[in-house]
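Each chain, written out:
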Amino acid sequence: AQRVTQPEKLLSVFKGAPVELKCNYSYSGSPELFWYVQYSRQRLQLLLRHISRESIKGFTADLNKGETSFHLKKPFAQEEDSAMYYCALTTHTGGFKTIFGAGTRLFVKA
Amino acid sequence: KAGVTQTPRYLIKTRGQQVTLSCSPISGHRSVSWYQQTPGQGLQFLFEYFSETQRNKGNFPGRFSGRQFSNSRSEMNVSTLELGDSALYLCASSLPTGTADNEQFFGPGTRLTVL
């Protein structure tokens, strides 16, 4: 069965500190992995996807198939990074199906 | 370009009633997915529609159904409402890229309260 696990419900760091939001997945096929973010009073929106291998707002995420992980990292957290972060896995078997993790709330303190 | 819109934004129903929620995707997007978001279960996939066909379905009872029209607008229906159906229902649309690495664009959601 497909599953996405985000072990931390809340992560609190100081501004300028490194941040890592953990995500582990379970899927027998080749996964398409994403990080979505929801800022206060805004819609859920895509932050980055593993296939594009890009850095968005200073965040990066590397797919580690051996450890079945897709952790989100940023070397220096900013206060505006405070938000809810969701790791998601999309499969394409006859149609799209996206499984979301429970989410991690990141709080960056001044 | 207008974003995904959902109507109504808020809804209050009583147990046993039925409800229909509407979603208008971004122009040109043909895939529409629905999700239920609750504090206890998080975001759970309900179903996905593409070209008026349901292509995938999550683990929800048959009381949850949906459809998609030729203009890609989608509706979801919940019959015989239960207290546990109280949730934020999110709709998301995406382009038909043919692969799973497509970005989903989310609507603001419909907050359903069942009394």
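Relevant structure appears above.
Residues numbered from 1 in each chain as written. Chains lettered and ligands numbered in written order. Predicted model: local features only at pLDDT ≥ 70, side-chain atom pairs only at ≥ 80, totals over all residues. Heavy atoms only, no water.

**Student:** Account for the sheet that holds strand β8 (residues 74-78) of chain B, with residues named and values stated.
**Tutor:** All names here are of chain B. The antiparallel open sheet is built from 4 strands, whose spatial order is β1-β3-β8-β7. This sheet does not close on itself; its edge strands, each paired only once, are β1 (5-7) and β7 (64-68). Pairs of neighbouring strands in the sheet enclose a mean axial angle of 20°, with direction left out of account. Alignment of β1 against strand β3 (residues 19-24), held across 3 bridges, turns out to be antiparallel. Directly across from Q6, in β3, lies its bridge partner C23. (Pairing = 2+ DSSP bridges. Helix = DSSP H or I, 4+ residues; strand = E, 2+ residues; numbered from the N terminus. Axes fitted to C-alpha atoms, helices over the stretch in contact; angles between N-to-C directions.)

**Student:** Give me the lowdown on the pattern of salt bridges, citing residues and values where you can.
**Tutor:** Side-chain pairs of opposite charge can arise whenever the charged atoms involved come near each other. One pass over the full model with this rule turns up 9 salt bridges over all chains. Its salt-bridge partner being R55(B), residue E48(B) comes within 2.7 Å of it at the nearest N-O pair. Given a relative accessible area of 0%, E48(B) falls into the buried group. The partly exposed category is assigned to R55(B), whose relative accessible area is 24%. One network of salt bridges, with partners in common, ties together E20(A), K22(A) and K73(A). (Salt bridge = Lys/Arg side-chain N within 4 Å of Asp/Glu carboxyl O. Buried < 20%, exposed > 50% of the residue type's maximum accessible area, 1.4 Å probe, protein only.)

The quantities given are spatial measurements derived from coordinates; they are silent on function.
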